[in-house]
Amino acid sequence: MPTFQSDGLTLAYEVFGEGQPILCIHGFASSGKVNWIDTGWVETLTGAGYQAILIDNRGHGASDKPYDPERYYPQDMARDAVRLLDHLGIERAALLGYSMGARIAAFAAFQDEERVACAIFGGMGINLINGLSDGNDIIAGLRAPTLAELSHPTARQFRIFADHTKADREALAACMETSREPMARADVRRIAVPVLVAVGEADTMAGPPEALAELLPQGESFVIPKRDHMRGTGDPKFKAAALEFLSRNFAAVR
């Protein structure tokens, strides 16, 4: 995979297709491949005439994996995303984020509004503001000697996922400590670009999408039917809603 430098770290990325650029930012314990290729998102986006740009966030995939929690604040990870646009010579792009990736996208849209044409926050509703209540349990689960010792359902879910993706669990534990920092309600209100907030009907981690969309000046919500947090990622109805949103709101220029 090609790489670029950001904040002293070497980060990996991939680019697929031609057309208007969409920067896809994956969720916690995932990677560009797992979140966007394996779920069919790259095929969907390129098939619709867009260019799909995948970043492996710091601590994930083929990117550097520091063990210092101070390296994982969402503001810094958002700067990684914008620096990738710089590296590729892209002036403005749409952002597509899922879960932690949606939080990163929100901070990027707030910090660098002029670089963002529109954004899709998947798997992240009002808990962008309220925070993640299970974070400490997830950290403990990542650091537990074996899966058999875990009883907390969310901790087990992420431990299984991290083991499946062969992730660096210590880097993920460090990431979880600080990447879940909530966004201030006042800052959410200042995200001026169009935003689609899409959350699974059975997603208890993200919080309701409607409550977040109401705070956004140009926010709209979509409930992914019959999906929880993990299974909402590649849902066909989510993809269809995202493409419809992009068709109305994406006028980025490379």
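Right above here is the structure, for reference.
Keep in mind that this is a model prediction, so the values were computed, not measured.

A. Fine view of the packing of aromatic side chains. Inspection of every chain in the model, using the stated rule, returns six aromatic pairs. Relative to Y13, the ring of F4 has its centre 6.0 Å away and its plane inclined at 70°; by these criteria the two rings are edge-to-face. Neither F4 nor Y13 differs from the other in exposure class; each is buried. Here Y98 and F238 contribute two aromatic rings whose centre-to-centre distance is 6.3 Å and whose plane-to-plane angle is 50°, an arrangement assigned as tilted. Here the residue Y98 occupies a position in strand 5 (residues 93–98), and F238 occupies one in helix 11 (residues 236–249), the gap between them amounting to 140 residues.

B. Up close: the side chain of R180. Its place among the elements puts R180 in the loop between helix 8 (169–179) and helix 9 (185–189). Although buried, R180 forms no salt bridge, and the nearest oppositely charged side chain, E177, lies 6.6 Å from it. At 2.8 Å, the side chain of R180 and the backbone oxygen of M176 are in polar contact. Apart from residues lying up to four places away in sequence, R180 is in contact with R103, L132, G135, N136 and I139.

Definitions and cut-offs
Per chain, the residues get numbers from 1 upward, laid out in the order the sequence is written. Predicted model: local features are reported for residues with pLDDT of at least 70 only, side-chain atom pairs are reported and counted for 80 or more only, and whole-chain, interface and lining totals are derived from all residues. Derived side-chain values reflect all non-hydrogen atoms in the structure, with water molecules and hydrogen atoms excluded from consideration. In this scheme Phe, Tyr and Trp rings, the latter by its six-membered ring, pair at centre separations within 6.5 Å, and the angle between planes marks the pair as stacked below 30 degrees, edge-to-face above 60, and tilted otherwise. Using a 1.4 Å probe on the protein chains alone, a residue whose accessible area is under 20% of its type maximum counts as buried, one over 50% counts as exposed, and one in between counts as partly exposed. Each helix is a run of H or I in the DSSP string that is no shorter than four residues. Each strand is a run of E no shorter than two, and both are numbered from the N terminus. When charges are counted, Lys and Arg are positive and Asp and Glu negative, with His and the chain ends excluded. What counts as a salt bridge is simple: a side-chain nitrogen of Lys or Arg found within 4 Å of a carboxyl oxygen of Asp or Glu. Any pair of N or O atoms that falls within 3.5 Å is considered a polar contact. Within protein, one atom must be able to donate a hydrogen and the other to accept it, and sequence-neighbouring residues count only if both atoms are side-chain atoms. Residues count as neighbours in contact if any of their non-hydrogen atoms are within 4.5 Å of one another.

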